[in-house]
Structure formats: C-alpha cells, structure tokens
Amino acid sequence: MKKEKKSSIFWILIIFFVLFSIWQLWVPEALDDWRWGSEVGIMRLKTWFEGYNGRYFGDILVIVLTRLPIVLRSMAISGIMTAMLYLIYQLTEYKILSFLICVFL
C-alpha cells in the first residue's frame, strides 16, 4: 500500500475516532446499558447468564464498560468502533471510495 494512502486512511480513522468519542460523551446511555450497569448485570453474571443470550464475552464486556468512568468508556467504545471501520477498510481491499460507501450506508 502506498504511503499517501496509509496516511489518508490514518487521518480518516482519527477523525472517526474523535467523532465517535464526542458522540459517546454527548449521547446518554440507553435503557439496556443502565440495566447492565446496575445490579441486574451483576445478578446475570453471578448466574453466568443462565437462560439469557449465550454471548458471554459481549455481556461481560458491557458490564465492564458500563462501570468505567465516562471518558474511559467513551475512548474504549470509540476505539472498538474505529477498529471495526479499519476492518471494513481491509475487507474493501483498501479502496477508499468503497470504504466510505460502506461506512455511510
């Protein structure tokens, strides 16, 4: 991959990271996030999510994220979302236009 292309995708990902971070700080948590951050989440963890959805890693990750300070939570979620965008970029075979179309759709 060319150096110019690497530089442009790097800055695009940085911009998305910053936008995601601002969005995470600005938008309040949803009802489900409040549940995971409360005793309900801990009760589910104690029973190892028995009878729930079977997504153990994701459920534990949400419990951890809801207990982080807001700035760390925002950065962690933004990092995950930006990493997913980079994966999309790789899957579109490093074509910037295809990447942007996928992102905005």
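Residues numbered from 1 in each chain as written. Predicted model: local features only at pLDDT ≥ 70, side-chain atom pairs only at ≥ 80, totals over all residues. Heavy atoms only, no water.

(A) Broad picture of the overall build of the protein. Along the protein, the regular secondary structure elements total 6 helices and 0 strands. For the protein, the sequential pattern of α-helices and β-strands runs α-α-α-α-α-α. Computed over C-alpha atoms, the radius of gyration of the protein comes to 17 Å, more than 25% over the 13 Å expected from 2.2 N^0.38 for 105 residues, which places it beyond the range of a compact globule. Each principal axis of the C-alpha distribution contributes one length, and for the protein these read about 50 × 30 × 20 Å. For the protein, buried positions account for 22% of its 105 residues. (Helix = DSSP H or I, 4+ residues; strand = E, 2+ residues; numbered from the N terminus. Rg over C-alpha atoms; globule rule 2.2 N^0.38 Å. Buried < 20%, exposed > 50% of the residue type's maximum accessible area, 1.4 Å probe, protein only.)

(B) Looking closely at the environment of Ser-21. Relative to the helices and strands, Ser-21 is located in helix α1 (residues 3-26). The exposure class assigned to Ser-21 is buried, which follows from its relative accessible area of 11%. As a C-alpha pair, Ser-21 and Gly-79 span 58 residues in sequence and 8.6 Å in three-dimensional space. Those residues within four positions of Ser-21 in sequence are excluded, and the remaining contacts are Ser-74 and Ser-78. (Contact = heavy atoms within 4.5 Å.)

(C) Broad picture of helix α5 (residues 70-91). Between its first and last C-alpha atoms α5 spans 31 Å; for 22 residues at 1.5 Å apiece the expected length is 32 Å, and the two agree. Buried residues of α5: Arg-73, Ser-74, Ser-78, Met-81, Thr-82, Leu-85 and Tyr-89, and no others. Each buried residue of α5 lies within a common arc of 155° when the element is viewed along its axis, so the set occupies one face. Residues Met-84 and Leu-91 are exposed on α5 and point more than 90 degrees away from its buried face. Once α5 finishes, Glu-93 follows within two positions and takes phi at roughly 60°, a positive value. (Expected span 1.5 Å × (residues − 1). Arc of directions from axis to C-beta.)

(D) View of the side chain of Ser-74. With respect to the secondary-structure elements, Ser-74 resides in helix α5. The exposure class of Ser-74 is buried, given its relative accessible area of 3%. Here Ser-21 takes part through its backbone oxygen, which lies 3.0 Å from a polar atom of the side chain of Ser-74. Ignoring anything within four residues of it in the chain, the contact list for Ser-74 reads Ser-21, Gln-24 and Leu-25. (Polar contact = N/O pair within 3.5 Å; in protein donor to acceptor, adjacent residues only side chain to side chain.)

(E) Just the confidence of the model for the protein, in detail. On average, residues of the protein score 84 in pLDDT, and 95% of them are at 70 or above. Here helix α2 (residues 31-37) is the element of the protein with the lowest mean pLDDT, 75, and α5 is the one with the highest, 91. (pLDDT = per-residue confidence, 0-100.)

(F) Structural detail: the packing of aromatic side chains. Taken as a whole, this structure holds 8 aromatic pairs when the rule is applied. Seen in terms of ring centroids, Phe-10 and Trp-11 are 5.3 Å apart; in terms of plane orientation they differ by 80°. Their pairing is edge-to-face. Judged by its relative accessible area of 45%, Phe-10 falls in the partly exposed class. Grouped by ring-pair contacts, the aromatic residues Phe-16, Phe-20, Trp-23 and Phe-104 constitute a single cluster. (Phe/Tyr/Trp six-rings, centres within 6.5 Å; stacked < 30°, edge-to-face > 60°.)

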